Amino acid sequence: MTADLERAALTRALSRVAARDAVALREVYRRTSAKLLGVVLRILHDRQEAEDVLQEVYITVWNKADRFDAERASPITWLVSIARNRAIDRLRARRSTAPIEAAAAVADPAPSAQMALEAASDRARLESCLDQLEPQHASAVRTAFFQGVTYEALAHSLSVPVGTMKTWIRRSLISLRGCLQS
Amino acid sequence: MTDIPAPQDEDDIAAAEHVLGVNSLGERAVAEVRRDHDRAFDDAVMAWETRLAPLAGDIAPVEPSAAVWPRVEARIVTRTSLLGGVNFWRGATAASLALAAASLAVILIVPDAPPPTPARPAAPLPILTGFIKPKPGEAGPLVAAALDRTRGELIFTAASVEIETGKSAELWVIPAGQKPQSLGVIEAGQERRLPLPAALTGPGQGTSILAITVEQMGGSPTGDPMGPVVATGGFMAS
């Protein structure tokens, strides 16, 4: 299915979820749960915990679907954002933080075959903007996104002061915003 | 550093950091509460979600085990059948909002008491969040706050501080049955973090009231609130 069709189908299903249609939630789940579990697992690295969070994600979708506005966000972006938020909150609530993998080693995956859920052109634009950053800064942005780790953990993994990491990330975000607007 | 962002950029960068996920649990809770009450900030967050979401295209899907959906289904069915569906909650919310609007001091304490569920619920986050806002229809400060028990700190961000010029807005916490304790003067766009005030460490922490008064420049000289209360709020479990 193309990204446009998938987007339209998900948007329709979410509007039915907003009207408390459990069958529609099942459809949203069928279309997106594997993708969202991938996102959550990437942050939590624990299957059991990730499935608990996935359950919370769809309860959140059930409760907040009336706030989804197709004019403001694509449905998959909205769903991925809920999944990331829930996973990151869970990561933060862990008592001890497992050491994160070295940023440069894991966080720079080559763009893979495009998922139908995401528009390829958006992905290509973001990649070309990331390519304009210092490689180390781009790597830090990717690690932050994929692993959901704090400034402190990022700084520790790359052996730079926290203030330096904040400067890298903030500067990168401002550059990305400008690049994506142009 | 010469590239300090302009003040109007601070909120957008805060939104970007929230989306990227580099903040602490308390900071994240503050941002989420703020999104619920500050449309401009919510717009900024959603714009960043749209900018960065294409990265997730790289993540390979992983099929969940067959046990997950039945647990989701059990929870939504329980909620709708036992409690008369969403209308029960919407009705309760409307009623509490009407009550708040009718009272002089607006206290935004939303009880978070989900019904018992057969499925294993996730452990609640060790966070209490609060939002302080002016009386309906009036200008005044908007503050999002979170009490982070994992780090033992109170974090708050003033989304806006609309008070007369030449005055300061001072934030107070009022534990049930105790006198107000100052948390200091607040400024718009400023994020502050404080060690957890002693008054907020006891079992009654969730019932404390937060309030903002308008004081002389620099804050009340006496240590007690002297000026008018312009906004109030409370905490809720997150």
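The rules behind the values
Residues numbered from 1 in each chain as written. Chains lettered and ligands numbered in written order. Predicted model: local features only at pLDDT ≥ 70, side-chain atom pairs only at ≥ 80, totals over all residues. Heavy atoms only, no water. Contact = heavy atoms within 4.5 Å. Buried area = accessible area lost by both parts, 1.4 Å probe. Salt bridge = Lys/Arg side-chain N within 4 Å of Asp/Glu carboxyl O. Polar contact = N/O pair within 3.5 Å; in protein donor to acceptor, adjacent residues only side chain to side chain. Helix = DSSP H or I, 4+ residues; strand = E, 2+ residues; numbered from the N terminus. Core = buried A, V, L, I, M, F, W, Y, C linked by side-chain atoms within 4.5 Å. Buried < 20%, exposed > 50% of the residue type's maximum accessible area, 1.4 Å probe, protein only. 1 Å grid on protein atoms, 1.4 Å probe; cavity = no way out; pocket = protein on both sides within 12 Å on 5 of 7 lines; lining within 4 Å. Points joined across faces, edges and corners; volume = space filled by probe spheres on them. pLDDT = per-residue confidence, 0-100. Axes fitted to C-alpha atoms, helices over the stretch in contact; angles between N-to-C directions. Parallel < 35°, antiparallel > 145°, perpendicular 65-115°, else oblique. Nonpolar A, V, L, I, M, F, W, Y, C, P; charged D, E, K, R; others polar. Phe/Tyr/Trp six-rings, centres within 6.5 Å; stacked < 30°, edge-to-face > 60°. Lys NZ or Arg CZ within 6 Å of the ring centre and 35° of its normal.

Draft legend 1. Fine view of the interface of chain B and chain A. With 57 residues of chain B in contact, the opposing surface of chain A contributes 70 residues. Of the roughly 5800 Å² buried between chain B and chain A, counting both surfaces, carbon and sulfur atoms make up 58%. Connecting chain B to chain A are nine salt bridges. One salt bridge connects Asp36 of chain B with Arg67 of chain A, and the closest N-O pair in it is separated by 2.8 Å. At the boundary of chain B with chain A, the tally comes to 23 residue pairs in polar contact (both at pLDDT 80 or more). At the level of secondary structure, the elements contributing two or more residues to the side of chain B that touches chain A comprise α1 (7-20), α2 (25-37), α3 (39-52), α4 (68-82) and α5 (86-102) of chain B. It is α3 of chain B that contributes the most residues to the side of chain B that touches chain A, nine residues altogether.

Draft legend 2. Molecular detail of the nonpolar core. Within the largest apolar cluster, 77 residues are counted, with the highest numbers of intra-cluster contacts made by Leu25, Tyr58, Val61, Met165 and Ile169 of chain A together with Leu20 of chain B. Counting residues per element, this core draws most heavily on helix α2 (residues 22-44) of chain A, at eleven residues. Of all hydrophobic cores here, the second largest spans 20 residues; its members include Ala158, Ala169, Ile186 and Phe235 of chain B.

Draft legend 3. Expanded view of empty space enclosed by the protein. Within the structure shown, the criterion is met by two cavities of 30 Å³ or more. Looking at the largest cavity, its volume works out to about 60 Å³. In terms of lining, the largest cavity is formed by Ser81, Arg84, Asn85 and Ile88 of chain A together with His18, Val19, Arg28, Arg35, Val45 and Glu49 of chain B. Within the residue set of the lining of the largest cavity, elements represented by two or more residues are α4 (75-93) of chain A together with α1, α2 and α3 of chain B.

Draft legend 4. View of the environment of Asn63 of chain A. Residues and elements named next belong to chain A. Along the chain, the position of Asn63 falls in helix α3 (residues 47-64). The exposure class of Asn63 is partly exposed, given its relative accessible area of 34%. The spacing of Asn63 and Arg20 is 43 residues in sequence and 8.8 Å in space, taken between C-alpha atoms.

Draft legend 5. Representation of the confidence of the model for chain B in the model. Residues and elements named next belong to chain B. In the predicted model, chain B carries a mean pLDDT of 74, and 72% of its residues have values of at least 70. At the low end of the mean pLDDT range in chain B sits α5, at 41; at the high end sits α3, at 94. Below a pLDDT of 50 lies the segment residues 79-122, which in the model reaches 48 contacts outside its immediate sequence neighbourhood of four places, other chains included.

Draft legend 6. The packing of helix α9 (residues 162-181) of chain A against α3 of chain B, seen in detail. Contact pair α9 of chain A / α3 of chain B: the axes reach a minimum separation of 11 Å and the direction vectors enclose 80 degrees. The pairing of α9 of chain A with α3 of chain B is recorded here as roughly perpendicular in orientation. Residues Leu173, Leu176, Arg177, Leu180 and Gln181 of chain A of α9 of chain A pack against Trp48, Arg51 and Leu52 of chain B of α3 of chain B. Class assignment of the residues belonging to the contact of α9 of chain A with α3 of chain B gives a composition of five nonpolar, one polar and two charged.

Draft legend 7. Quick look at the packing of aromatic side chains. Taken as a whole, this structure holds four aromatic pairs over all chains when the rule is applied. Seen from their ring centres, Tyr29 of chain A and Trp69 of chain B are 5.1 Å apart, and the 50 degrees between their planes marks the pair as tilted. Taken as a pair, Tyr29 of chain A in helix α2 and Trp69 of chain B in helix α4 lie in two separate chains rather than in one. Across the pair, Trp69 of chain B and Tyr29 of chain A agree in class, each one buried. Measuring from centroid to centroid gives 5.3 Å for Phe68 of chain A and Trp78 of chain A, while their planes differ by 55 degrees, and the two rings are tilted. Residue Phe68 of chain A is located in the loop between α3 and α4, and its partner Trp78 of chain A is located in helix α4; the two are separated by ten residues in the primary sequence. With respect to class, Phe68 of chain A is no different from Trp78 of chain A; both count as buried. Members of the aromatic cluster, each reached through a chain of ring pairs, are Tyr29 and Tyr58 of chain A together with Trp69 of chain B. A cation sits over an aromatic face here: Arg42 of chain A above Phe146 of chain A, 4.5 Å from the ring centre. The aromatic ring of Trp48 of chain B is capped on one face by Arg51 of chain B, whose charged end is 4.4 Å from the ring centroid.

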